[in-house]
Amino acid sequence: MVEEKPGNETVIDPTVEDLLLQAQELVPIALSKARTVKGFSSRWRVIISRLEKIPTCLSDLSSHPCFSKHTLCKEQLQAVLETLKEAIELVNVCVNEKQEGKLKMQSDLDSLSAKIDLSLKDCGLLMKTGVLGEVTQPLSSSIQDLETFSVRELLARLLIGHLESKRKALEQLVEVMKEDEKAVITALGRTNVASLVQLLTATSTSVRENAVNVICSLAESGGCENWLISENALPPLIRLLESGSPVAKEKAVISLQRMSISSETSRSIVGHGGVSPLIEICKTGDSVSQSASACTLKNISAVPEVRQNLAEEGIIKVMINILNCGILLGSKEYAAECLQNLTSSNEALRRSVISEDGIQTLLGYLDGPLPQESGVAAIRNLVGSVSLETYFKIIPSLVHVLKSGSIGAQQAAASTICRISTSNETKRMIGESGCIPLLIRMLEAKASGAREVAAQAIASLVTVPRNCREVKRDEKSVTSLVMLLEPSPSNSAKKYAVSGLAALCSSRKCKKLMVSHGAVGYLKKLSELEVPGSKKLLERIEKGKLRSFFSRK
């Protein structure tokens with residue numbers, strides 16, 4: 001290739017073959033001269049041993065079928081040539097004793113040694129990883145093929161060369177991902193992921209930011225998590241939480257959020273010291289980072305054996321604070337779910353949450369416009385550890401959830417009512433709060449779990465006469481409970497429906513409703529299945545039918 005330069009000078013751009021020939025000619029010259037140097041002997045021995053490996057490296061590279069088909073080989077040979085020329089120059093300086101100083105020369109020799117080593121490694125990577133074959137210019141000139149070629153070449157450039165060339169390739173890759181993220185993720189291989197992970201610890205802030213930007217996209221795609229874990233991405237991501245720029249912190253914590261869905265990865269995050277910086281971001285981060293950090297800690301808290309570690313790091317107070325002052329609603333939801341996990345099986349952690357005013361905070365969160373399940377479930381975990389007086393505060397919030405909460409929240413509220421219905425006093429409190437009509441409405445819910453827990457709550461509450469009278473007044477209660485007698489194995493509500501109907505059976509009106517809606521047929525089948533109470537309830541209903549028959553006579 002011929003280029004015109006200013007001053008009408010003609011410069012011939014050497015081919016790959018020309019560069020190979022120049023390098024092959026310079027290696028013996030550099031070796032011969034290096035062996036004549038007397039000073040800095042230990043450093044020169046290392047340099048000589050590395051120079052001796054270059055001919056084999058060049059031979060392997062030139063024997064590849066794609067050797068002359070793209071620029072990567074050419075750039076690699078140019079780098080080797082520059083390094084060989086630098087070696088010869090340093091030999092001349094040492095032989096002629098023209099060095100500026102001993103320390104300066106030691107530094108120059110170490111730099112040369114590192115450059116030779118990098119060239120050898122890069123040549124090896126070009127051969128071993130299949131990069132040469134991958135980035136060969138496609139014969140087809142379609143836009144899609146050319147784009148795929150461009151992405152693969154950029155990925156290849158992350159593997160080889162010095163930091164500056166990798167920085168440029170990474171910047172271009174980030175721009176490509178803005179236009180077509182899928183193309184980059186599709187072209188990625190494990191070696192590319194490994195190179196990105198290595199760049200997370202680069203000295204350049206911009207390189208770290210761009211590397212974690214790409215890794216964040218990979219983590220969110222859900223297809224590269226195993227590679228990220230196996231290439232040890234967790235430690236540098238956690239270090240970025242501690243000392244990265246705001247941009248790097250945000251992308252790192254979002255990456256960890258996605259990866260922590262796996263319980264094994266959550267354990268690893270704890271093992272690598274990730275809890276403390278995550279908690280710090282919950283305290284001081286912006287809204288996006290706080291939300292991602294709270295979600296990551298929520299994921300980690302789902303692993304029972306690490307909950308005590310989380311508590312020792314101060315997670316309870318932080319999550320309660322997010323519930324009080326969190327910027328995003330999502331952050332509050334993650335905090336509530338985290339508290340739910342922490343209190344699910346550990347009495348000491350329950351008491352810690354209560355001592356930090358966690359009950360009042362959770363109730364304040366539930367009093368919002370659309371209460372979610374996690375907050376109610378956390379309250380449910382705590383009710384066994386509080387006094388009867390606290391129930392006065394909890395029950396109104398449960399009524400609000402039954403009226404306005406999500407389906408899951410309503411189900412959790414009914415389950416909490418079952419849990420606190422341990423005495424006639426609390427049952428009366430619940431009945432007076434207005435819960436019963438809402439529970440009757442829940443008997444018709446689409447979700448079988450919601451129907452079951454509503455039936456269970458009603459069966460418990462009707463043991464108090466006042467509550468029983470209120471249930472009797474609502475005709476839907478009998479109709480819905482009879483429908484729950486359906487004997488299918490998947491209907492887990494039938495035993496509670498039997499208990500509830502047994503309490504209502506003293507009312508002639510309710511008994512007639514039971515008969516008219518087919519309770520007798522259901523109860524005969526349930527008696528055969530030996531469902532507790534079904535046989536006795538059947539006898540009571542049939543006795544009533546018999547009395548009615550004779551009274552008509």
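What you see is a predicted model, and the numbers here were worked out from it, not measured in a lab.

Colleague: So what's going on with the overall build of the chain? Residues and values would help.
Modeller: When its secondary structure is counted, the chain shows 33 helices and two strands. Relative to the compact-globule value of 24 Å for 553 residues, the chain shows a C-alpha radius of gyration of 37 Å, a clear excess of over 25%. Each principal axis of the C-alpha distribution contributes one length, and for the chain these read about 130 × 55 × 45 Å. By the burial criterion, 49% of the 553 residues in the chain qualify as buried. Sequence-distant contacts in the chain: of pairs separated by 6 or more residues, those separated by 24 or more amount to 69%. One finds the centroid of the 68 positive side-chain charges in the chain at a distance of 15 Å from the centroid of its 61 negative side-chain charges.

Colleague: Explain a negative patch on the surface residue by residue, including any values.
Modeller: Together, E179, D180, E181 and E220 make up a negatively charged patch on the protein surface. For E220, the location among the structural elements is in helix 10 (residues 205-221).

Colleague: Describe the packing of helix 21 (residues 358-366) against helix 22 (residues 373-382), with residues and values.
Modeller: Orientation of helix 21 relative to helix 22, taken along the N-to-C sense of each, is 150 degrees, at an axis distance of 9 Å. In terms of their interaxial angle, helix 21 and helix 22 are classed as roughly antiparallel. Note that helix 21 runs across helix 22; the crossing there is left-handed. Here I359, L362, L363, Y365 and L366 of helix 21 lie close against helix 22, whose contacting residues are G375, V376, A378, I379 and L382. Per-class residue counts for the contact of helix 21 with helix 22 are nine nonpolar, one polar and no charged.

Colleague: Mind laying out the packing of helix 1 (residues 16-34) against helix 2 (residues 41-51), listing which residues take part and the relevant values?
Modeller: In a packed pair of helices, the relevant descriptors are the angle between the two axes and the axis-to-axis distance. Where helix 1 meets helix 2, the closest approach of the two axes is 10 Å, and the angle between their N-to-C directions is 160 degrees. In terms of their interaxial angle, helix 1 and helix 2 are classed as roughly antiparallel. Relative to helix 2, helix 1 is oriented so that their crossing is left-handed. Across the interface between the two elements, V27, A30, L31 and A34 from helix 1 touch W44, I48 and L51 from helix 2. Taken together, the residues of the contact of helix 1 with helix 2 sort by class into seven nonpolar, no polar and no charged.

Colleague: So what about unusual backbone geometry? Which residues, and what values?
Modeller: For F40, which is not glycine, the phi torsion reads 50 degrees and is therefore positive. Looking at where F40 falls in the secondary structure, it is placed in the loop between helix 1 and helix 2. With phi around 65 degrees, N232 is a residue other than glycine that occupies positive phi space. Within the secondary structure layout, N232 lies in the loop between helix 11 (225-230) and helix 12 (234-243).

Colleague: Tell me what's going on with the UniProt feature "repeat: ARM" (unreviewed entry) in the chain, and back it up with residues and numbers.
Modeller: Per the UniProt record, "repeat: ARM" (unreviewed entry) is annotated on residues 232-274. With 77% helix and 0% strand, residues 232-274 has end C-alpha atoms that lie 14 Å from one another.

Colleague: Help me get a handle on the side chain of S460, residues and values and all.
Modeller: Examined against the element boundaries, S460 turns out to sit in helix 27 (residues 448-461). When its relative accessible area of 18% is taken as the criterion, S460 is described as buried.

Colleague: Go over the side chain of Q290, please, and point to the residues and values.
Modeller: Mapped onto the elements of the fold, Q290 is located in helix 16 (residues 287-301). Ignoring any residue separated from it by four or fewer positions in sequence, one finds Q290 in contact with I281, C282, G285, I322, G326, I327 and S331.

Colleague: An account of helix 8 (residues 163-187) is requested, with residue identities and associated values reported.
Modeller: The terminal C-alpha atoms of helix 8, which comprises 25 residues, lie only 22 Å apart, well short of the 36 Å expected from a rise of 1.5 Å per residue. The largest bend in helix 8 is about 120 degrees, located at D180.

Colleague: So, the confidence of the model for the chain: which residues are in play, and what are the values?
Modeller: The pLDDT averaged across the chain works out to 89; a share of 92% of its residues lies at or above 70. Taken together, the stretch residues 135-149 has pLDDT below 50 and engages in 17 contacts with residues farther than four places along the chain or on a different chain. Across residues 549-553, confidence stays below pLDDT 50; counting only partners more than four residues off in sequence or on other chains, it has zero contacts.

Colleague: Quick one: what's the story with the nonpolar core, residue by residue and with numbers?
Modeller: Of all hydrophobic cores here, the largest spans 136 residues; its most connected members are L439 and M514. The element contributing the most residues to this core is helix 10, with eight residues. Setting aside residues no more than four positions away along its own chain, M514 makes contact with V478, V482, L501, L504, C505, A519 and I541. Counting residues in each nonpolar core, the second largest holds 41 residues, with A30, W44, L77 and L109 among its members.

Colleague: Outline the environment of M483, supporting the account with residue identities and numerical values.
Modeller: Tracing the backbone shows M483 in helix 29 (residues 475-483). For the pair formed by M483 and V401, sequence separation is 82 residues and the distance between their alpha carbons is 25 Å. If near-sequence neighbours (up to four positions away) are discounted, M483 is found in contact with H517 and Y522.

Colleague: Go over the environment of E305 with me, naming the residues and quoting the values.
Modeller: Along the polypeptide, E305 turns up in the loop between helix 16 and helix 17 (307-312). Owing to a relative accessible area of 47%, E305 belongs among the partly exposed residues under this scheme. Sequence-wise, E305 and R267 are 38 residues apart; in three dimensions their C-alpha atoms are separated by 8.8 Å. Among the polar contacts made by the side chain of E305, one reaches the side chain of R267 at a distance of 2.4 Å.

Colleague: Now, about the environment of Y522: what can you tell me, with residues and values included?
Modeller: Within the secondary structure, Y522 sits in helix 32 (residues 519-528). The exposure class assigned to Y522 is partly exposed, which follows from its relative accessible area of 22%. Note: C-alpha distance between Y522 and A455 (67 residues apart in sequence) is 17 Å. Residue contacts for Y522: discarding those within four places in its chain leaves V482, M483, L485, E486, P487 and H517.

Cut-offs used in this document
Residues numbered from 1 in each chain as written. Predicted model: local features only at pLDDT ≥ 70, side-chain atom pairs only at ≥ 80, totals over all residues. Heavy atoms only, no water. Helix = DSSP H or I, 4+ residues; strand = E, 2+ residues; numbered from the N terminus. Rg over C-alpha atoms; globule rule 2.2 N^0.38 Å. Buried < 20%, exposed > 50% of the residue type's maximum accessible area, 1.4 Å probe, protein only. Contact = heavy atoms within 4.5 Å. Lys, Arg positive; Asp, Glu negative; His and termini not counted. Charge placed at Lys NZ, Arg CZ, Asp CG, Glu CD. Patch = residues over 30% accessible without salt bridge, like charges linked within 9 Å, V, L, I, M, F, W, Y side chains within 5 Å. Areas by Shrake-Rupley, 256 points an atom, 1.4 Å probe, with all protein chains shown as cover. Salt bridge = Lys/Arg side-chain N within 4 Å of Asp/Glu carboxyl O. Axes fitted to C-alpha atoms, helices over the stretch in contact; angles between N-to-C directions. Parallel < 35°, antiparallel > 145°, perpendicular 65-115°, else oblique. Left-handed = near helix turned anticlockwise from the far one by under 90°. Nonpolar A, V, L, I, M, F, W, Y, C, P; charged D, E, K, R; others polar. UniProt positions renumbered as here; feature names shortened; annotations may be inferred. Expected span 1.5 Å × (residues − 1). Bend = angle between axes of the 7 residues up to and from the residue. pLDDT = per-residue confidence, 0-100. Core = buried A, V, L, I, M, F, W, Y, C linked by side-chain atoms within 4.5 Å. Polar contact = N/O pair within 3.5 Å; in protein donor to acceptor, adjacent residues only side chain to side chain.

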